[in-house]
Amino acid sequence: MLESIKNMAMQKLGEKMAPNSLGQNETQNAASEGASELINSLTQGVGGGQLSQITSLFSNDGNSTESNPIFQGIQSKLGDILQNQGMNEQEARAEAQNTAPDLINSLKDKFLSQDEADKGFDLGAIAEMAGGTSGILNMAKKLF
């Protein structure tokens, strides 16, 4: 499941960030780093006892996505990644603020979908990962 999340994140970030001031290579590098950071945030969150924040992020539980600490961390790190690729701070923060909600909402749609093609996006699987941190770390290591 983590690989599906990472692949979708790379695709969505690449699409959303394409018309920015960075070159194509820098944008793709930022998308790849952003996707890796998303997976890292999720695996650390599950292992760190933040399962409720993760499941809240990908469900329609009435809580605001923007107030979720996992979301805030991803958005901040995305801004840092864009700066490291050569974007100025103000533009990087604005790009992260525009991109992160779309990324999370796209993933949320997959988790809430009843479509057979989206069955790999399962909140129950995230909860199962919480049962064993070593299993999470092993799954995450395969992605990098």
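First things first, this report covers the structure right here in the doc. What you see is a predicted model; the values in this text were computed from it and never measured.

## Here we look at empty space enclosed by the protein
Then step 1. Enumeration over the complete set of coordinates arrives at one cavity of 30 Å³ or more.
Then step 2. Space inside the largest cavity adds up to approximately 40 Å³.
Then step 3. Every element with two or more residues in the lining of the largest cavity is listed here: helix H2 (24-47) and helix H4 (69-84).
Then step 4. Of all the elements, H4 adds the most residues to the lining of the largest cavity, at four residues.
Then step 5. Of the residues in the lining of the largest cavity, the class split is six nonpolar, one polar and two charged.

## Remarks on the packing of H4 against helix H5 (residues 89-112)
The description of two packed helices rests on the angle between their axes and on the distance between the axes.
Then step 1. Following both chains from N to C, one finds H4 and H5 inclined at 135°, their axes separated by 8 Å at the closest point. When the interaxial angle is binned, H4 and H5 end up oblique. You can see that H4 and H5 cross each other, and the crossing is right-handed. Between H4, through Phe-71, Ile-74, Gln-75, Ser-76, Leu-78, Gly-79, Asp-80, Leu-82 and Gln-83, and H5, the contact on the second element is made entirely by Glu-89, Ala-92, Arg-93, Glu-95, Ala-96, Gln-97, Thr-99, Ala-100, Pro-101 and Ile-104.

## Some words on the pattern of salt bridges
Then step 1. Evaluated as defined, the whole model comprises six salt bridges.
Then step 2. The salt bridge partner of Glu-37 is Lys-77, with a shortest N-O separation of 3.2 Å. In this pair, Glu-37 sits in helix H2 while Lys-77 sits in helix H4, placing the two residues 40 residues apart along the sequence.
Then step 3. A relative accessible area of 33% means that Lys-77 is categorised as partly exposed.
Then step 4. Residues Arg-93 and Asp-80 are paired through a salt bridge, measuring 2.6 Å at the closest nitrogen-oxygen approach. Within this pair, whereas Arg-93 is found in helix H5, its partner Asp-80 is found in helix H4, the two being separated by 13 residues in sequence.
Then step 5. Residue classification places Arg-93 among the partly exposed positions, given a relative accessible area of 27%.

## Let's talk about the environment of Ala-100
Then step 1. Locating Ala-100 in the fold gives a position in helix H5.
Then step 2. Taking the relative accessible area as the measure of exposure, Ala-100 reaches 1% and is therefore buried.
Then step 3. Sequence-wise, Ala-100 and Lys-16 are 84 residues apart; in three dimensions their C-alpha atoms are separated by 9.4 Å.
Then step 4. When sequence neighbours within four positions are dropped, the list of residues in contact with Ala-100 reads Phe-71, Gln-75 and Leu-78.

Here is what the cut-offs are and how they apply
- Residues numbered from 1 in each chain as written.
- Predicted model: local features only at pLDDT ≥ 70, side-chain atom pairs only at ≥ 80, totals over all residues.
- Heavy atoms only, no water.
- 1 Å grid on protein atoms, 1.4 Å probe; cavity = no way out; pocket = protein on both sides within 12 Å on 5 of 7 lines; lining within 4 Å.
- Points joined across faces, edges and corners; volume = space filled by probe spheres on them.
- Helix = DSSP H or I, 4+ residues; strand = E, 2+ residues; numbered from the N terminus.
- Nonpolar A, V, L, I, M, F, W, Y, C, P; charged D, E, K, R; others polar.
- Axes fitted to C-alpha atoms, helices over the stretch in contact; angles between N-to-C directions.
- Parallel < 35°, antiparallel > 145°, perpendicular 65-115°, else oblique.
- Left-handed = near helix turned anticlockwise from the far one by under 90°.
- Contact = heavy atoms within 4.5 Å.
- Salt bridge = Lys/Arg side-chain N within 4 Å of Asp/Glu carboxyl O.
- Buried < 20%, exposed > 50% of the residue type's maximum accessible area, 1.4 Å probe, protein only.

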